[in-house]
Amino acid sequence: MKKISIVINADDRLGHISPEIYGHFSEHLGRCIYNGIYVGENSPIPNTDGIRNDIIEAFRNIKAPVFRWPGGCFAEEYHWQDGIGEKALRRKIVNTNWGGVTEDNSFGTHEFMRFCELVGCKPYINVNVGSGSVREMSEWIEYMTSDAESPLTEQRKKNGRAEPWKLEYLGVGNENWGCGGNMRPEYYADVYKRYQTFCHNYSGNRLYRIACGPSSADYNWTEVMMKNLDSNNVDAIDLHYYTMPVWPEMESATDFDDELYYKTIAAANFSDELITRHSEIMNRYDPEKKIGLVIGEWGCWHKVEEGTNPGFLYQQNTMRDAIVAAIELNVFNRHSDRVVMANLAQAVNVLQSVILTEDDKMIKTPTYHVFDLFKTHQNNEAVYCYTQNENMSEGKNAPMISVSASVNEKSMTVTAANCSLTEEAAVECSIFGFKASSVSCRILTNEAHSYNDFDCPDRVSITEHTAVIKDNVLKLNIPPCAVVECVVD
Ligand code: AHR
């Protein structure tokens, strides 16, 4: 048992935890949309307007605040007009990025907006810069958000939607340093400025314009964006970082040894350094923090599951992934002064999914349960935490305990992960600036390789956990490989 001392100072506020930090990403990739979220109106699987009821319910339960769509790289070849109107007449295309399968465009703008309405979340639409045009983008914005009389708004009405939708988040391109056109940052900054000129605010709608940000540690990309853009023409930039511990090699999602487990934990913790360094660059140009940092794609990217289409990026999801999710969400909370949104890649059946489906069956992965444990942070104020004695006895290159804390007028939420595979943590958490009277905790814990599958959907699930509060000190033991949420009143 290792003693860990944590100090939380509720008077030391770090930033507002935007609910969108708990966002998701849904691309036309593999079985994320088709045979995942969307099964069509005629499916025997219970659905509302073609969208699976069990998935709607699952995302409502974790208070999913925002979904990014339609990609990803797919967005850079997506032409929105293909995905509206009579379904039988919609133009079919080949999904060149993801498996070369035929995309029938039966899930388009109306279906995505309906999905968001059913889940109760905001849409984040990523437009096509690499192979699209300014006109195509500006017409899509008009189609979605204008209530003026025009051929486009008439077309929307004819397609069944009288009122314009509210659309806040608009991504102007995806990975334009790669699949979005292989651009230099200087070139993209100019292209971005041209596109954003035509991002009009119709009928009281206010767009939040998100520019393509860096890949991982490409600090030069951030520098060039910040040098060329300002808060008049951009609201946020979108960083992508995947946890890939032995890149460029790929490793199995379920079959890993202790060394690889700890490498994964270290790779997840790297996002703290990454966000700190990108933020330092942003601070130089934007000390008032008007421009946000979005982490538009994050999560573990493992080898695809054997026997599945390599272009579909389907992988299982173990307690190791859950620990990674907890580390990342704690990092985002602690950087909530700059991080305004994050989107786990991806929502269903792709990469580090929160949900997996097989025909009519649906399971919640360990990562889903982490989102459940963290949901009370949404809209709270992040507060300062300091952890002593945090290194793992095994001498691994990562802290044993990952933690973040936040408060609202009534309660404090503390989330912590014990990343050790062997050692239990005896945590003593001294709380300042908040009167702590009672506590209730929940835990997700299991052996690192354990996962939920269609035969055993609840092998990894949340249970109650014991903790005590005395003299404003929260005491609890956290077993190895566990994620805990404590709500203190
Ligand atoms: O999430 C899978 C892919 O990863 C996305 O399409 C792309 O943006 C990123 O490279």
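Within an unreviewed UniProt entry, the label attached to the chain reads non-reducing end alpha-L-arabinofuranosidase, and the organism entered is Coprococcus eutactus. Of the comments in the UniProt record for the chain, the one headed Catalytic activity (unreviewed entry) reads "Hydrolysis of terminal non-reducing alpha-L-arabinofuranoside residues in alpha-L-arabinosides." Quoted verbatim from the Pathway (unreviewed entry) field of the UniProt record, the comment on the chain reads "Glycan metabolism."

**Considerations on the overall build of the chain**
Along the backbone of the chain there are nine helices and 24 strands. The C-alpha atoms of the chain give a radius of gyration of 22 Å, which matches the 23 Å a tight globule of 489 residues would have. Along the first, second and third principal axes, the C-alpha atoms of the chain reach 65 × 50 × 45 Å. Counting only contacts in the chain whose residues sit at least 6 apart along the sequence, the fraction spanning at least 24 positions is 77%. Entry remark: accessible area of the chain is about 18,600 Å², with carbon and sulfur atoms responsible for 47%. On the chain, the mean spot of the 45 positive side-chain charges and the mean spot of the 68 negative ones are 4 Å from each other.

**Looking at the site of the ligand**
Of all residues adjacent to the ligand, which total 13 residues, the nearest are Glu27, Cys73, Glu175, Tyr242 and Glu297. For the ligand, an oxygen atom lies 2.7 Å from a polar atom in the side chain of glutamate 27. Between an oxygen atom of the ligand and a side-chain N or O atom of glutamate 297, the distance comes to 2.7 Å. Coverage of the ligand by the protein chains reaches 93% of its 280 Å² of free accessible surface. When the residues that make up the shell around the ligand are grouped by side-chain class, the tally is seven nonpolar, three polar and three charged.

**Section: the pairing of strand β19 (residues 425-432)**
Taken together, the eight bridges between strand β1 (residues 2-16) and β19 define a ladder with parallel strand orientation. The partner of serine 5 across the bridge, within β19, is glutamate 428. When β19 meets strand β23 (residues 473-478), the two strands line up antiparallel, connected through six bridges. The residue of β23 that forms the bridge with serine 430 is valine 473.

**Digging into the state of the cysteines**
One covalent bond between the sulfur atoms of two cysteine residues makes up a disulfide. Applying the stated criterion across every chain, the model contains two disulfides. In this model cysteine 73 forms its disulfide with cysteine 179; the gap between the sulfur atoms is 2.2 Å. Of note, the bridge from cysteine 73 to cysteine 179 carries an S-S torsion of about -90° and is left-handed in sense. A residue pair is termed long-range when its members are at least 10 positions apart, and cysteine 73 in the loop between β5 (66-69) and β6 (93-95) and cysteine 179 in the loop between β9 (169-172) and α5 (185-197) qualify at 106 residues. We classify cysteine 73 as buried; its relative accessible area is 12%. Among the residues examined, cysteine 179 registers a relative accessible area of 32% and is labelled partly exposed. Shown here is the disulfide that connects cysteine 441 with cysteine 486, its sulfur atoms set 2.2 Å apart.

About the thresholds
- Residues numbered from 1 in each chain as written.
- Predicted model: local features only at pLDDT ≥ 70, side-chain atom pairs only at ≥ 80, totals over all residues.
- Heavy atoms only, no water.
- UniProt positions renumbered as here; feature names shortened; annotations may be inferred.
- Helix = DSSP H or I, 4+ residues; strand = E, 2+ residues; numbered from the N terminus.
- Rg over C-alpha atoms; globule rule 2.2 N^0.38 Å.
- Contact = heavy atoms within 4.5 Å.
- Areas by Shrake-Rupley, 256 points an atom, 1.4 Å probe, with all protein chains shown as cover.
- Lys, Arg positive; Asp, Glu negative; His and termini not counted.
- Charge placed at Lys NZ, Arg CZ, Asp CG, Glu CD.
- Near = heavy atom within 4 Å.
- Polar contact = N/O pair within 3.5 Å; in protein donor to acceptor, adjacent residues only side chain to side chain.
- Nonpolar A, V, L, I, M, F, W, Y, C, P; charged D, E, K, R; others polar.
- Pairing = 2+ DSSP bridges.
- Disulfide = S-S within 2.5 Å.
- Buried < 20%, exposed > 50% of the residue type's maximum accessible area, 1.4 Å probe, protein only.

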